[in-house]
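Structure at a glance
Below, each chain spelled out in residue letters.
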Amino acid sequence: MKDDARARPQFDTSRFMSSVTLRQIRYFVAAAECGKVSLAASMIAISPSAITDAIGELEEMAGTQLFKRHPRGLALTYEGHRFLVHCRNILSAIKDASYAFSHPDNSVEGAFTLATTSTVLGYFIVPLVTRFQRSFPNIVVHLVEGKRRDIEDGLLRDDYDLAVLLVSNSENRPELCSYTLIQSVRRLWLSPRHPLLNREAISLADVANEPYIQLTIDEADVSTSSYWKANEQEPHIVLRTESVEAMRSLIAFGHGVTILSDMMYRPWSLEGDRVEVRDLADKIPTMDTGLVWKGDQVRNRAAVTFQNFCRLEYEKDLLSRARTVNQT
């Protein structure tokens, strides 16, 4: 153990803190979220070499590898995944500060009820509400969890002021309005030893030959069925489960594959085994998360403040993603 400690260079915290820049952090997050240097560069309108240089500089300062390089792009290491969490928090804090300057009225008081489903609550809403309450400490947010149809009915009964739902699952109900905040790409999840990782392109026909683990929460089975049918394919389902963590562990151990959105993706199971992701050649719809409310406008001032905050938080992300799609 002493030899290992002697061989490993000591991390220089003060040097890292004085040298790391927001530019490097922003480029690192873009590369991590896109999985490809070229796509990240296109998304934030810079050269690929600038992304590569920033990653190299961070890895040199950190004294560890943040990405594993492979022919199809980049994959985060364990250290890279941990660093990504902190980088997102840093960028969120900067965004909060900019919101405070452009919208200085943080004296708004009141409360509102925000309904959401289990998937959105677990993978999206908590950081958003936390950032909102930092900017508006005098507004109380009452969170309620439920099923999408029940929440939509509750909005119509005025039980809730606002909802954040998987709007890609919503039915066309003219009494309700919605605004999409994020569009999360669906990709194939599989173990690091899976033979499909060696394919240049993976189709739903390829996946149909594999044991498929079907998630059932938040109508995931319904949305899965719709795009499989649209592509005239059918998955070989060996297990249906409401547990994302159980599914993640089964996939990491090589007991099957699944297709889920990047919003829900974490590269490690509870046991510490890796879950890989790959793009699919077939057209798969995104999983869209957004605000939903009753009527033309929300009347609760506190809820309106949250509504505007969400739009400003995510409109830049939607514009940059749309620009990337148009360029590709």
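This structure is a prediction, so every number in the text was calculated from the model and none was measured. (Residues numbered from 1 in each chain as written. Predicted model: local features only at pLDDT ≥ 70, side-chain atom pairs only at ≥ 80, totals over all residues. Heavy atoms only, no water.)

**What about the side chain of Asp206?**
Condition: Put simply, DSSP H or I for four residues or longer makes a helix, DSSP E for two residues or longer makes a strand, and each gets a number counted from the N terminus. Identification of polar contacts relies on pairs of N or O atoms within 3.5 Å, with a donor-acceptor requirement for protein atoms, meaning one able to donate a hydrogen and the other able to accept it, and with residues adjacent in sequence counted only if both atoms are side-chain atoms. By definition, residues are in contact when any of their heavy atoms lie within 4.5 Å.
Structurally, Asp206 is set in helix 9 (residues 204-207). A polar atom in the side chain of Asp206 sits 3.0 Å from the side chain of Arg199. Beyond its immediate chain neighbours, meaning those up to four positions away, Asp206 contacts Leu196, Arg199 and Ala201.

**Concerning helix 5 (residues 48-62)**
The following threshold applies: Expected span of a helix, by definition, is 1.5 Å for each gap between consecutive residues, and there is one gap fewer than residues. When accessible area is computed with a 1.4 Å probe and restricted to protein chains, residues below 20% of their type maximum are described as buried, those above 50% as exposed, and intermediate ones as partly exposed. Within this analysis, the arc is defined by the directions that extend from the helix axis to the C-beta atoms.
Helix length check: helix 5 (15 residues) gives 21 Å between terminal C-alpha atoms against 21 Å at 1.5 Å per residue, within 8%. Ala50, Ile51, Ala54, Ile55, Leu58, Glu59 and Met61 are the residues of helix 5 that are buried. Seen end-on, helix 5 carries its buried residues on one side only, within an arc spanning 165°. Taken from the residues just after helix 5, Gly63 is the one with a positive phi, measuring 70°.

**Quick look at the nonpolar core**
Applied cut-off: The term nonpolar core refers to a set of buried residues drawn from Ala, Val, Leu, Ile, Met, Phe, Trp, Tyr and Cys, joined through side-chain atoms within 4.5 Å.
If you look at the biggest cluster of nonpolar residues, it comprises 43 residues, and the most contacted ones within it are Phe112, Leu114, Phe124, Leu162, Trp189 and Phe306. Per-element accounting of this core gives the leading share, 7 residues, to helix 7 (residues 118-135). When near neighbours in sequence (up to four residues on either side) are disregarded, Phe306 contacts Phe112, Leu114, Leu128, Val129, Phe132, Leu162, Val164 and Leu291. Counting residues in each nonpolar core, the second largest holds 27 residues, with Ile25, Ile51, Ala54 and Cys87 among its members.

**Observations concerning empty space enclosed by the protein**
The cut-off we apply is this: Think of a 1 Å grid over the protein atoms and nothing else: a 1.4 Å probe that fits but is trapped marks a cavity, an open set flanked by protein within 12 Å on at least five of seven lines marks a pocket, and residues with an atom within 4 Å of a point count as lining. Grid points are joined across faces, edges and corners, and a volume is the space filled by probe spheres set on the points. Polarity classes work like this: nonpolar for Ala, Val, Leu, Ile, Met, Phe, Trp, Tyr, Cys and Pro, charged for Asp, Glu, Lys and Arg, and polar for all others, with Gly in that last group.
Scanning the model with the defined rule gives 1 cavity of 30 Å³ or more in all. By volume, the largest cavity is sized at about 100 Å³. Residue lining of the largest cavity: 16 residues in total, with Arg186, Ala220, Ser223, Leu260 and Met287 positioned closest to the centre. The biggest single contributor to the lining of the largest cavity is helix 10 (residues 220-230), with 4 residues. Grouping the constituent residues of the lining of the largest cavity by class yields 9 nonpolar, 4 polar and 3 charged.

**A look at the environment of Ala30**
Within the secondary structure layout, Ala30 lies in helix 3 (residues 22-34). Take Ala30: its relative accessible area is 3%, and that puts it in the buried class. For the pair Ala30 and Ala41, spaced 11 residues apart in sequence, the C-alpha to C-alpha distance is 7.9 Å. What Ala30 contacts, discounting residues up to four positions off in sequence, is Ala40, Met43 and Ile44.

**Things to note about the pattern of salt bridges**
Under the convention used in this document: Here, a salt bridge means any side-chain nitrogen of Lys or Arg that lies within 4 Å of a carboxyl oxygen of Asp or Glu.
Under the defined criterion, the tally for this structure stands at 18 salt bridges. Lys294 is the salt-bridge partner of Asp158, the closest N and O atoms lying 3.4 Å from each other. Placement of the pair is Asp158 in the loop between helix 8 (148-156) and strand 5 (162-166) and Lys294 in strand 12 (residues 287-294), with a sequence separation of 136 residues. Classification of Asp158 by relative accessible area gives exposed; the value is 55%. On the accessibility criterion, Lys294 (35% relative accessible area) is partly exposed. Linking Glu276 and Arg278 is a salt bridge whose minimum nitrogen-to-oxygen distance equals 3.9 Å. Taken individually, Glu276 and Arg278 each receive the classification buried, so the pair is uniform in this respect. Linked through salt bridges whose partners overlap, the residues forming this network are Arg148, Arg149, Glu152, Asp153, Glu171, Arg173 and Glu219.

**Examining the packing of aromatic side chains**
Convention followed: Aromatic pairs are defined between Phe, Tyr and Trp rings, using the six-membered ring for Trp, whenever the two ring centres lie within 6.5 Å; interplanar angles under 30 degrees are classed as stacked, those over 60 as edge-to-face, and all others as tilted. Only Lys NZ and Arg CZ are tested; either one counts as a charge over a ring when it is within 6 Å of the ring centre and within 35 degrees of the ring normal.
Inspection of the entire model under this criterion finds 11 aromatic pairs. Both rings, one in Phe16 and one in Phe83, keep their centres 6.1 Å apart while their planes meet at 70°; by these two values the pair is edge-to-face. One end of the pair, Phe16, is in helix 2 (residues 13-19); the other, Phe83, is in helix 6 (residues 78-102), and 67 residues separate them in sequence. Ring geometry for Phe28 and Phe67: centres 5.4 Å apart, planes at 55°, overall tilted. One end of the pair, Phe28, is in helix 3; the other, Phe67, is in strand 1 (residues 67-70), and 39 residues separate them in sequence. We note that Phe28, like Phe67, is buried. An aromatic cluster is built from Phe112, Phe132, Phe136, Phe306 and Phe309, whose rings are joined through pairwise contacts. The ring of Trp268 carries the charged tip of Arg274 above its face, separated from the ring centre by 5.0 Å. Taking the ring centre of Tyr179 as reference, the NZ or CZ of Arg311 above it sits at 4.7 Å.

**Looking at the side chain of Ser203**
Its place among the elements puts Ser203 in the loop between strand 7 (186-190) and helix 9. Owing to a relative accessible area of 18%, Ser203 belongs among the buried residues under this scheme. In contact with Ser203, other than residues within four places in its own chain, are Leu280 and Asp282.

**Re the sheet that holds strand 10 (residues 258-261)**
Which entries qualify depends on this criterion: Two strands make a pair as long as DSSP finds a minimum of two bridges between them. For every element, the axis is a line fit to its C-alpha atoms; helices are fit only across the contacting stretch, and the angle between N-to-C directions ranges from 0 to 180 degrees.
Across the sheet, 3 strands lie side by side as 10-7-11; this open sheet has antiparallel pairing. The open sheet has two edge strands with one neighbour each: strand 10 and strand 11 (276-278). Averaged over all adjacent pairs, the angle separating strand axes in this sheet is 45°, with direction ignored. With 4 bridges connecting them, strand 7 and strand 10 associate as antiparallel partners. Note that in strand 10 the partner of Arg186 across the bridge is Ser261. Set on the sheet, helix 11 (residues 244-252) makes contact with strand 7 and strand 10; between it and strand 7 the angle comes to about 60°.

The quantities given are spatial measurements derived from coordinates; they are silent on function.
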